[in-house]
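These are the residues of each chain, in order.
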Amino acid sequence: MVFFRSVSLLSKLRSRVVQQPSLNNSVRWLQIQTSSDLDLHSQLKELIPEQQERLKKLKSEHGKVQLGNITVDMVLGGMRGMTGLLWETSLLDPDEGIRFRSLSIPECQKVLPSAKPGGEPLPEGLLWLLLTGKVPSKEQVDALSKELQSRASVPEYVYKAIDALPVAAHPMTQFATGVMALQVQSEFQKAYEKGIPKSKFWEPTYEDCLNLIARVPVVASYIYRRIYKDGQIIPMDHSLDYGGNFSHMLGFDSPKMQELMRLYITIHTDHEGGNVSAHTGHLVASALSDPYLSFAAALNGLAGPLHGLANQEVLLWIKSVVDECGENTTTEQLKDYIWKTLNSGKVVPGFGHGVLRKTDPRYMCQREFALKHLPDDPLFQLVSKLFEVVPPILTELGKVKNPWPNVDAHSGVLLNHFGLTEARYYTVLFGVSRSMGICSQLIWDRALGLPLERPKSVTMEWLENYCKKAA
Ligand code: CMX
């Protein structure tokens, strides 16, 4: 290594980094040191473009190379299309969408018990279905509603933990903090410390999961009222079901909003195991972390804009369209705005999917709800127009695999219509619902004794060498 120290002329030169493959194929770095060599950030700034090029080359030249049953593309492309997880509670078909224990969303709407005849399914019914694979009777669902209510008490220190955060902290940060504070009461952790045998793991997991599912609406509504309603908390109404009660504790007592909440919770519960939140929950739980730790981790994944935060982004984006073009936006204005969004390097939120290749049935059932209850809402009409205008534009981009709307494209305008207008809060609603899916699978993870998740990772250098040999 050549080493120059503090030579002012040299410090004006850019640092040069030369790679020399050594005998054992590792890389030695030959450096001419300048003042920028002493700064870690400058070093990275110089290294990143060359490594980005290296990755691009690897993808374009060797993407199709097989590594056993998978390809280099799959290793580099976020594991798309790679089957690698057992997930019992639901299965996603790219064209047809989600099936919960083999029932599609329209089938669930038909067979699951509702609060009133012909109404939306009660989320407790879906929880029963996810856990048992069986459609429950109304009596079973009512009993589960009561059981969840009896488990819904939240200790005072959970509220204090949330109150320690600034009111302006993102609602998802407050929610994940609340769930972490609930962890103090984990039955699984206590049982594990006492040496419970593996065959019994599922029982304290079941206790934790039901407690968690029962308590998250209470924590979530506390956060909503803390941030947006001067901290005026609304207690639970014991005559109501899970979804109706959540709507009530948030401050929305109209029967239509309660129906929307039941539908919203039902359709957001589960979307098989590979999505970021479900996979994170499953991964963390595989280390025998208890359900609270696992679910809090899942929430942090849900809070990303490419995943659950997209529902917030959609409403904010739709409102920015209205601000710029007015409520009666013409198709041409809309097209221009979409291109402006894309040309500024942003995604159109609410469109596209990692697995789906058709319009998300979760979008379609929300659209049907809107057609039934709010057909004249101007933002719903704008969402309908986007359904026509966005897909051809995304198709024209040439790289988007699915130009159709996903679940997040629709939920915001429904909530907004009934007065829940605070978009930054929307992902918390998604999180409350997802507790049912992630926890149902977690109980089965324990019952089936699923192992620690530990896939193999490799370096770019390993892949380059492998591809050379394969060629
Ligand atoms: N707007 C603009 N570009 C898009 C796009 C969209 N809605 N959807 C995909 N693309 C782009 C991708 O960014 C990618 O571009 P680069 O190659 O330049 O990185 C390219 O098209 C290919 O992506 P893809 O294979 O079609 O989609 P991915 O599986 O990589 O990503 C998703 C899926 C959802 C992250 C992506 O479609 C997206 O960013 N959508 C907008 C955000 C959104 O609605 N997320 C919510 C999804 C549902 C949920 O999890 O809640």
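Calculation rules
- Residues numbered from 1 in each chain as written.
- Predicted model: local features only at pLDDT ≥ 70, side-chain atom pairs only at ≥ 80, totals over all residues.
- Heavy atoms only, no water.
- UniProt positions renumbered as here; feature names shortened; annotations may be inferred.
- Helix = DSSP H or I, 4+ residues; strand = E, 2+ residues; numbered from the N terminus.
- Pairing = 2+ DSSP bridges.
- Buried < 20%, exposed > 50% of the residue type's maximum accessible area, 1.4 Å probe, protein only.
- Polar contact = N/O pair within 3.5 Å; in protein donor to acceptor, adjacent residues only side chain to side chain.
- Contact = heavy atoms within 4.5 Å.
- Near = heavy atom within 4 Å.
- Areas by Shrake-Rupley, 256 points an atom, 1.4 Å probe, with all protein chains shown as cover.
- Nonpolar A, V, L, I, M, F, W, Y, C, P; charged D, E, K, R; others polar.
- Salt bridge = Lys/Arg side-chain N within 4 Å of Asp/Glu carboxyl O.
- Phe/Tyr/Trp six-rings, centres within 6.5 Å; stacked < 30°, edge-to-face > 60°.
- Lys NZ or Arg CZ within 6 Å of the ring centre and 35° of its normal.

In the nomenclature of an unreviewed UniProt entry, the protein chain corresponds to Citrate synthase from the organism Liquidambar formosana. Under the Sequence similarities (unreviewed entry) heading, UniProt states for the protein chain: "Belongs to the citrate synthase family."

Caption draft 1: Structural detail: unusual backbone geometry. The phi torsion at serine 102 lies on the positive side, around 75°, for a residue other than glycine. Assignment of secondary structure puts serine 102 in the loop between strand 6 (97-100) and strand 7 (103-104). For leucine 288, which is not glycine, the phi torsion reads 65° and is therefore positive. One can find leucine 288 in the loop between helix 13 (276-285) and helix 14 (291-302).

Caption draft 2: Representation of the sheet that holds strand 7 within the structure. Taking strand neighbours across the sheet as the criterion, the three strands line up as 5-6-7 in an open arrangement whose pairing is antiparallel. Each edge of the open sheet carries a strand with a single partner, namely strand 5 (90-93) and strand 7. The pairing of strand 5 with strand 6 spans four bridges and is classified as antiparallel. Each residue of the ladder has a partner; that of leucine 91, found in strand 6, is arginine 99.

Caption draft 3: Spatial organisation of the side chain of threonine 269. Along the chain, threonine 269 falls in the loop between helix 12 (255-268) and helix 13. Under the relative-accessibility criterion, threonine 269 is labelled buried at 1%. In this structure the side chain of threonine 269 is engaged in a polar contact, spanning 3.1 Å, whose partner is the backbone oxygen of threonine 266. The residues contacting threonine 269, other than those within four sequence positions of it, are Phe100, Leu126, Leu130, Ser433, Arg434, Met436, Gly437 and Ile438.

Caption draft 4: The site of the ligand, seen in detail. Around the ligand lies a shell of 20 residues, among which His307, Gly350, Lys399, Lys401 and Asp408 are the nearest. Interatomic distance of 2.8 Å between a backbone N/O atom of glycine 350 and an oxygen atom of the ligand. Between an oxygen atom of the ligand and a side-chain N or O atom of aspartate 408, the distance comes to 2.7 Å. Relative to its unbound accessible area of 880 Å², the ligand is 76% covered by the protein chains. Taken together, the residues of the shell around the ligand break down into 10 nonpolar, six polar and four charged.

Caption draft 5: Spatial organisation of the environment of tryptophan 339. The topology assignment puts tryptophan 339 in helix 16 (residues 331-343). A relative accessible area of 25% means that tryptophan 339 is categorised as partly exposed. Sequence-distant contacts of tryptophan 339, that is, excluding residues within four places in its chain, are made with Ile393, Glu396 and Leu397.

Caption draft 6: Broad picture of the pattern of salt bridges. Following the criterion strictly, the structure yields 16 salt bridges and no others. Residues glutamate 464 and arginine 54 are paired through a salt bridge, measuring 2.7 Å at the closest nitrogen-oxygen approach. Of the two residues, glutamate 464 is situated in helix 21 (residues 460-470) and arginine 54 in helix 2 (residues 40-62); the sequence distance between them amounts to 410 residues. Residue classification places glutamate 464 among the partly exposed positions, given a relative accessible area of 22%. Looking at arginine 54, the relative accessible area reads 24%, which means it is partly exposed. For lysine 358, the salt bridge goes to aspartate 95, with nearest N and O atoms at 3.8 Å. Of this pair, lysine 358 sits in the loop between helix 16 and helix 17 (361-373) while aspartate 95 sits in the loop between strand 5 and strand 6, and the two are 263 residues apart along the sequence.

Caption draft 7: Highlighting the packing of aromatic side chains. Within this structure, the stated rule accounts for 12 aromatic pairs. Each ring, one from tryptophan 317 and one from tyrosine 337, has its centre 5.9 Å from the other, and the planes form 55°; the classification is tilted. Here tryptophan 317 is found in helix 15 (residues 310-325), whereas its partner tyrosine 337 is found in helix 16, with 20 residues between them in sequence. For the pair formed by tryptophan 317 and tyrosine 337, the shared burial category is buried. Geometry around phenylalanine 188 places arginine 446 over its ring, the cationic atom sitting 5.3 Å from the centre.

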